[in-house]
Amino acid sequence: MLWLKRWNFIERARLERELWDAFEARENPEAKITELQAWIDSADPADPTLGDQRFRLEVWTTTLTRIRKIEALMANQQRKS
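Since the model is a prediction, treat every value here as computed from it, not as a measurement.

Scanning all chains against the criterion turns up one aromatic pair. Ring geometry for W20 and F23: centres 5.9 Å apart, planes at 85°, overall edge-to-face. Linking W20 with F23, this pair stays in helix α2 (residues 9-24), spanning three residues, or about one helical turn. The exposure class of W20 is buried, given its relative accessible area of 19%.

What follows concerns the environment of A13. Structurally, A13 can be placed in helix α2. Note on A13: relative accessible area 36%, which makes it partly exposed. Spatially, the C-alpha atom of A13 lies 9.8 Å from that of T63, the residues being 50 residues apart in sequence.

Bringing the nonpolar core into the picture now. Core analysis: the biggest nonpolar cluster contains eleven residues, these being L19, W20, I33, L36, I40, A43, L50, L57, W60, L64 and I67. Taken together, the elements giving at least two residues each to this core come down to α2, α3 (29-42) and α4 (50-80). Those residues in contact with I67, other than ones at most four positions away along the chain, are L19, W20 and F23.

With that settled, consider a nonpolar patch on the surface. Among the surface-exposed residues, W3, L4 and W7 lie close enough to one another that they form a single nonpolar patch of about 460 Å² accessible area. Of note, W7 is situated in helix α1 (residues 2-7).

Moving on to the pattern of salt bridges. Inspection of the entire model under this criterion finds ten salt bridges. Between R66 and E16 there is a salt bridge, with its nearest N and O atoms 3.3 Å apart. Residue R66 is located in helix α4, and its partner E16 is located in helix α2; the two are separated by 50 residues in the primary sequence. For R66, a relative accessible area of 38% gives the class partly exposed. Given a relative accessible area of 18%, E16 falls into the buried group. One salt bridge in this structure joins D21 and R17, with 2.8 Å as the shortest N-O distance. Of this pair, D21 and R17 both sit in helix α2, four residues apart, which is roughly one turn of the helix. Residue R17 is classed as partly exposed on the basis of its relative accessible area of 38%. Salt bridges sharing partners connect three or more residues here, namely E11, R14, E18 and R56.

The rules behind the values
- Per chain, residues are indexed from 1 in the order of the written sequence.
- With the structure being a predicted model, the display of local features is reserved for residues of pLDDT at least 70 and the display and counting of side-chain atom pairs for 80 or more, all residues being used for whole-chain, interface and lining totals.
- Side-chain measures were taken over the full set of non-hydrogen atoms in the model, leaving aside hydrogen atoms and water.
- Stacked, edge-to-face and tilted labels apply to pairs of Phe, Tyr and Trp rings (six-membered ring for Trp) whose centres lie within 6.5 Å, assigned for plane angles under 30 degrees, over 60, and everything in between, in that order.
- To qualify as a helix, a DSSP run of H or I must reach at least 4 residues; to qualify as a strand, a run of E must reach at least 2; elements of each kind are numbered from the N terminus.
- Accessible area is worked out with a 1.4 Å probe on protein chains only. A residue is then buried under 20% of its type maximum, exposed over 50%, and partly exposed in between.
- Here, the term nonpolar core denotes a set of buried Ala, Val, Leu, Ile, Met, Phe, Trp, Tyr and Cys residues that are joined through side-chain atoms within 4.5 Å.
- Two residues qualify as a contact provided that any one of their heavy atoms is within 4.5 Å of a heavy atom in the partner residue.
- Here a patch means residues that are over 30% exposed by relative accessible area and free of salt bridges, tied together within 9 Å if like-charged and within 5 Å if nonpolar (Val, Leu, Ile, Met, Phe, Trp, Tyr).
- Each accessible area is a Shrake-Rupley result for a 1.4 Å probe, and residues are judged covered by the shown protein chains and nothing else.
- We define a salt bridge as a side-chain nitrogen of Lys or Arg found within 4 Å of a carboxyl oxygen belonging to Asp or Glu.

As far as function goes, none of this settles anything; it's purely spatial.
Listed below in structure tokens is the structure:
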């Protein structure tokens, strides 16, 4: 069912929101991604949650790129004001 989650925008949005919430709580999103990557790297290949965690990492990585772009745009707007 992982292939279905990839195309489910609600599931993708839920995962994006996890990283946004962490960012808004002033947590380090890069550290969260690094921690998740470490878990994936050390996981048993037979672990049934491995596919879901890889999908989470994919979504979080693209979300982090967007977070940083928005952050830079906001910083530029504040300098112009």
